[in-house]
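Single-letter residue listing:
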Amino acid sequence: MKIFTLVLVTRNSEILLGLKKRGLGEGKWNGFGGKVEFGETVIQAAMRELCEESGIVADECNLLQRGIITMDFANGEDSFEIHVFLCTNYKGEITETEEMKPQWFDIDHIPYDLMWSEARLWYPVFLSGPPFEASFTYDIEGHIINHAINQLP
């Protein structure tokens, strides 16, 4: 299983997303994150990726883990476990990087058609507040064939 992080930055009724400029997900809007590197904790990876992709710095106490998403693939690819964090307080200036072009979106106008297909299913749960767990299963062509999303107490 591959372990990833994803940080979603919010302010008032807006969410900061980044347009992926290269690599996996190129051309898609998403939060900021990536693979946990050897020797890193999940929270350390989340802080590093947020800074590398957006130019902003969040202390560990400003990242609240709100969800865990698992993804299973029929094509034999390793499963993903994605740790999803909320960030509402950060330092620094939001900056376009080689990898991402950040932009604020109104929460009521998130560009789901330009995001990964599962985003429209779990983002509303994330934004509603309580922690959640989600799982997605994809067929060989990358289409969702099964999913479950559960809010936690």
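Here is a short report on the structure shown in this document. Here the structure is a predicted model, which is why all the values come from computation and not from measurement.

Here we take up the overall build of the chain. A tally of regular secondary structure across the chain gives 2 helices and 9 strands. Ordered by position from N to C terminus, the α and β elements of the chain give β-β-β-β-α-β-β-β-α-β-β. Compactness check: the chain gives a C-alpha radius of gyration of 15 Å against a globular reference of 15 Å for 153 residues, within 12% of the reference. The dimensions of the chain, computed from C-alpha atoms along their principal axes, are 40 × 35 × 30 Å. Counting all 153 residues of the chain, 42% fall into the buried class. Relative to all contacts within the chain whose residues are 6 or more apart in sequence, the contacts with residues 24 or more apart total 61%. Accessible area of the chain: about 8,100 Å², with a carbon and sulfur share of 51%. Side-chain charges of the chain comprise 12 positive and 24 negative groups, with the mean position of each set lying 4 Å from the other.

Across 8 bridges, strand β5 (residues 63-73) lies against strand β6 (residues 80-87) in antiparallel orientation. If you follow Thr70 over to β6, its bridge partner there is Glu81.

Next up on the list: the packing of aromatic side chains. All chains considered together, the criterion is met by 8 aromatic pairs. On the numbers, 4.6 Å between centres and 45° between planes, the contact of Phe4 with Phe80 is tilted. Of this pair, Phe4 sits in strand β1 (residues 2-11) while Phe80 is found in strand β6, placing the two residues 76 residues apart along the sequence. We note that Phe4, like Phe80, is buried. Between Phe73 and Phe80 the ring centres are 4.9 Å apart and the planes differ by 65°, which places this aromatic pair in the edge-to-face class. Among the residues examined, Phe80 registers a relative accessible area of 11% and is labelled buried. These aromatic residues form a ring-pair network of at least three members: Tyr112, Trp122, Tyr123, Phe126 and Phe132. If you follow Arg11 out to its NZ or CZ, it ends over the ring of Trp104, 3.9 Å from the centre. Sitting above the plane of the Trp116 ring, Lys28 keeps its charged end 5.0 Å from the centroid.

Let us now look at the nonpolar core. Core analysis: the biggest nonpolar cluster contains 26 residues, and Leu17, Ile69, Trp122 and Tyr123 have the highest contact counts within it. Counting residues in each nonpolar core, the second largest holds 14 residues, with Val9, Ile43, Leu50 and Phe85 among its members.

Parameters at a glance
- Residues numbered from 1 in each chain as written.
- Predicted model: local features only at pLDDT ≥ 70, side-chain atom pairs only at ≥ 80, totals over all residues.
- Heavy atoms only, no water.
- Helix = DSSP H or I, 4+ residues; strand = E, 2+ residues; numbered from the N terminus.
- Rg over C-alpha atoms; globule rule 2.2 N^0.38 Å.
- Buried < 20%, exposed > 50% of the residue type's maximum accessible area, 1.4 Å probe, protein only.
- Contact = heavy atoms within 4.5 Å.
- Areas by Shrake-Rupley, 256 points an atom, 1.4 Å probe, with all protein chains shown as cover.
- Lys, Arg positive; Asp, Glu negative; His and termini not counted.
- Charge placed at Lys NZ, Arg CZ, Asp CG, Glu CD.
- Pairing = 2+ DSSP bridges.
- Phe/Tyr/Trp six-rings, centres within 6.5 Å; stacked < 30°, edge-to-face > 60°.
- Lys NZ or Arg CZ within 6 Å of the ring centre and 35° of its normal.
- Core = buried A, V, L, I, M, F, W, Y, C linked by side-chain atoms within 4.5 Å.

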